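# Coordinate inspection notes
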Number of protein chains: 2
Amino acid sequence: MRASREQVQENRRTILEAAGRLFRERGFEAVTVTDVMKSAGLTHGGFYGYFKNKDDLIAQALAELLGGSEPLSADLSTLAERYLSPAHRDNSACGCPVAALASETIRQPGGARAAMTAGLKRQLERLSEVSPGSDAEQKRRAAIGNWAAMVGALILARMTAGSELSDELLSETRAWLAAQDQREPKPKA
Amino acid sequence: MRASREQVQENRRTILEAAGRLFRERGFEAVTVTDVMKSAGLTHGGFYGYFKNKDDLIAQALAELLGGSEPLSADLSTLAERYLSPAHRDNSACGCPVAALASETIRQPGGARAAMTAGLKRQLERLSEVSPGSDAEQKRRAAIGNWAAMVGALILARMTAGSELSDELLSETRAWLAAQDQREPKPKA
DNA sequence: TTTGATACATGACGATGATCATGTATAATG
DNA sequence: CATTATACATGATCATCGTCATGTATCAAA
């Protein structure tokens, strides 16, 4: 049966959302085109009416996931608290696409890399606004350092999930970041 | 032709080393059994004489890569300087297996996860010894925070390789870590 | 209502890759 | 030297997956 114009737009949305969820959960390679379409309530045949190929789907799903531009709604320590929580660690399907997919994106073709790079740029700009520091340069540096630590810690905590080390990685990184950001930055030499 | 006893041991070594290199370069899934054997100068047929299956190879290759137990030979800022260098970013095949493979290991079966977890434990113990802090607890916290930031920054720099953001991530994280570790830790509240 | 366009289902195709079966030359053993 | 065990090459098998071909039912336009 053929769908209406509205249905088509909605289907496209549904496919992209299903892809975003599955990719974050299992990675790009372990998710098949059939998986995505089935998860969207369709069959594999219609896929190539929506996307050029699987790489195109990956690039567009990443762009969709990273597309938001709202300013951050909390201060740095609150963000870290949420980001470095066991709940976030245990639910990558709905979590940060950078932590879930950055490594795999490294080996993807240009479209996916470009979407990730653009998303990272926006994220660092937003983080700079809530980061400590006496000038813009220090704020940006703090944003980069904090973000690298958050992404790295979440990846390591997921890698070790199930061991007591995993919880320690989360809580100690939280404590470490909180301590860093409360200290006064050293004046330039 | 059949190889001698020594040849067999040497071949095993060669296979594991080839696997370690290829996995770090391309990830687990993109490397085939045939790739590994060819890179070791053999054909695919002999593989199952050495390993139970591909998952077994992955686990053993990770254990081999992470097996070293030597204490760290430099101070923290020197390590970060080397770790967060463009050279390391551009040569994952010979670089840190954690940065290259942590994300993919998350979805691997137990053997690979266990090897990574054990390696991470040792690495944190070594790092604690060269980390700043007035007591063991603070040293360990600094080790965790520094390591998370280093791994995260390297992954993000590889993801954005080719853009000017990539170099910025490396140098700013280096500067941020150096600044953090020179400051006096705040006394406990 | 008729006609044409098209969204999607079904099914096929070709490539790839993990794993196994078999043959053989040679090391190891006596 | 004769015999046996085995390391490894060649080749087959089976499953999976990306992609394409085709048919059809229904939406859209006249």
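A few words on the overall build of chain A. Scanning chain A for helices and strands turns up 10 helices and 0 strands. Ordered by position from N to C terminus, the α and β elements of chain A give α-α-α-α-α-α-α-α-α-α. Seen through its principal axes, chain A has C-alpha atoms that stretch 65 × 40 × 30 Å. Burial analysis of chain A (189 residues in total) assigns 47% to the buried set. The long-range fraction of contacts in chain A, counting pairs at least 24 apart against all pairs at least 6 apart in sequence, stands at 67%. Approximately 8,900 Å² of chain A is accessible, and the part contributed by carbon and sulfur atoms is 51%.

Right, let's talk about the relation of the copies chain B and chain A for a bit. The two copies are related by a screw motion: chain B maps onto chain A through a turn of 180 degrees and a shift of 0.0 Å along the axis, at an RMSD of 0.0 Å. Such a turn and shift between the copies fits a two-fold axis. Interface overlap between copies: 100% of the residues of chain B at the interface are likewise at the interface in chain A, consistent with a symmetric, same-surface contact.

Our next topic: the domain arrangement of chain A. Accessible area lost during the coming together of the parts is what is often quoted as the interface size. All names here are of chain A. Taken domain by domain, chain A comprises domain 1 (5–65) and domain 2 (76–182). Here the C-alpha centroids of domain 1 and domain 2 sit 26 Å apart. Taken together, the 14 residues of domain 1 in the interface contact 15 residues of domain 2. Surface buried jointly by domain 1 and domain 2 totals about 1,100 Å² across both partners, of which 68% is contributed by carbon and sulfur atoms. Contact with domain 2 buries surface across domain 1, with Arg24, Phe28 and Leu62 losing the most and accounting together for 54% of the total. Remark: the boundary between domain 1 and domain 2 carries 0 salt bridges. Counting across the interface, domain 1 meets domain 2 through 4 residue pairs in polar contact (both at pLDDT 80 or more). Elements that contribute at least two residues to the side of domain 1 that touches domain 2 include exactly α1 (5–26) and α4 (54–65). Looking at which element gives the most residues to the side of domain 1 that touches domain 2, the answer is α4, with 6 residues.

For the rest of this paragraph, the subject is the interface of chain B and chain A. Contacts between the two partners involve 55 residues from chain B and, on the opposite side, 55 residues from chain A. Of the roughly 4,700 Å² buried between chain B and chain A, counting both surfaces, carbon and sulfur atoms make up 61%. We note a salt bridge from Arg141(B) to Glu172(A), for which the minimum N-O separation is 3.1 Å. Where chain B touches chain A, the interface holds 15 residue pairs in polar contact (both at pLDDT 80 or more). Broken down by secondary-structure element, the contributors of at least two residues to the side of chain B that touches chain A are α1 (5–26), α7 (97–105), α8 (110–129), α9 (136–159) and α10 (164–182) of chain B. Element by element, the count of residues in the side of chain B that touches chain A is highest for α9(B), at 15 residues.

Attention now moves to the packing of aromatic side chains. A full pass over the atoms with the stated rule returns 11 aromatic pairs over all chains. Look at Phe47(A) and Phe51(A): their rings are 5.5 Å apart centre to centre, the planes differ by 35 degrees, and that puts the pair in the tilted class. Residue Phe47(A) shares its accessibility class with Phe51(A), and that shared class is buried. Consider the rings of Phe23(B) and Phe28(B), whose centres lie 5.2 Å apart with planes at 75 degrees: the pair is edge-to-face. We note that Phe23(B), like Phe28(B), is buried. Cluster of aromatic residues (ring-pair linked, three or more members): Phe47(A), Tyr48(A), Tyr50(A) and Phe51(A).

On to α10(B). If you check α10(B), its first and last C-alpha atoms are 28 Å apart, about what 19 residues at 1.5 Å a residue would give, namely 27 Å. Listed as buried for α10(B) are Leu165(B), Ser166(B), Leu169(B), Leu170(B), Glu172(B), Thr173(B), Trp176(B), Leu177(B) and Gln180(B). Looking at the buried positions of α10(B), the neighbouring elements they touch are α8 (110–129), α9 (136–159) and α10 (164–182) of chain A together with α5 (76–83), α6 (86–89) and α9 of chain B.

Turning to the environment of Leu170(B), a few remarks are in order. Residues and elements named next belong to chain B. Relative to the elements of secondary structure, Leu170 occurs in helix α10. Using a relative accessible area of 1% as the deciding quantity, one classes Leu170 as buried. Along the primary structure Leu170 and Arg89 are separated by 81 residues, whereas in three dimensions their C-alpha atoms are 8.9 Å apart. When sequence neighbours within four positions are dropped, the list of residues in contact with Leu170 reads Leu84, Ser85, Pro86, Arg89 and Ala157.

Quick look at the environment of Val33(A) now. Residue and element names in this part refer to chain A. Relative to the helices and strands, Val33 is located in helix α2 (residues 33–39). C-alpha of Val33 to C-alpha of Ala19: the two residues are 14 residues apart in sequence and 8.9 Å apart in space. If sequence neighbours within four positions are ignored, Val33 has contacts with Phe47, Tyr48 and Lys54.

Definitions and limits used
Residues numbered from 1 in each chain as written. Chains lettered and ligands numbered in written order. Predicted model: local features only at pLDDT ≥ 70, side-chain atom pairs only at ≥ 80, totals over all residues. Heavy atoms only, no water. Helix = DSSP H or I, 4+ residues; strand = E, 2+ residues; numbered from the N terminus. Buried < 20%, exposed > 50% of the residue type's maximum accessible area, 1.4 Å probe, protein only. Contact = heavy atoms within 4.5 Å. Areas by Shrake-Rupley, 256 points an atom, 1.4 Å probe, with all protein chains shown as cover. Least-squares fit on C-alpha atoms with pLDDT ≥ 70 in both. Domains from an automatic or database assignment. Buried area = accessible area lost by both parts, 1.4 Å probe. Salt bridge = Lys/Arg side-chain N within 4 Å of Asp/Glu carboxyl O. Polar contact = N/O pair within 3.5 Å; in protein donor to acceptor, adjacent residues only side chain to side chain. Phe/Tyr/Trp six-rings, centres within 6.5 Å; stacked < 30°, edge-to-face > 60°. Expected span 1.5 Å × (residues − 1).

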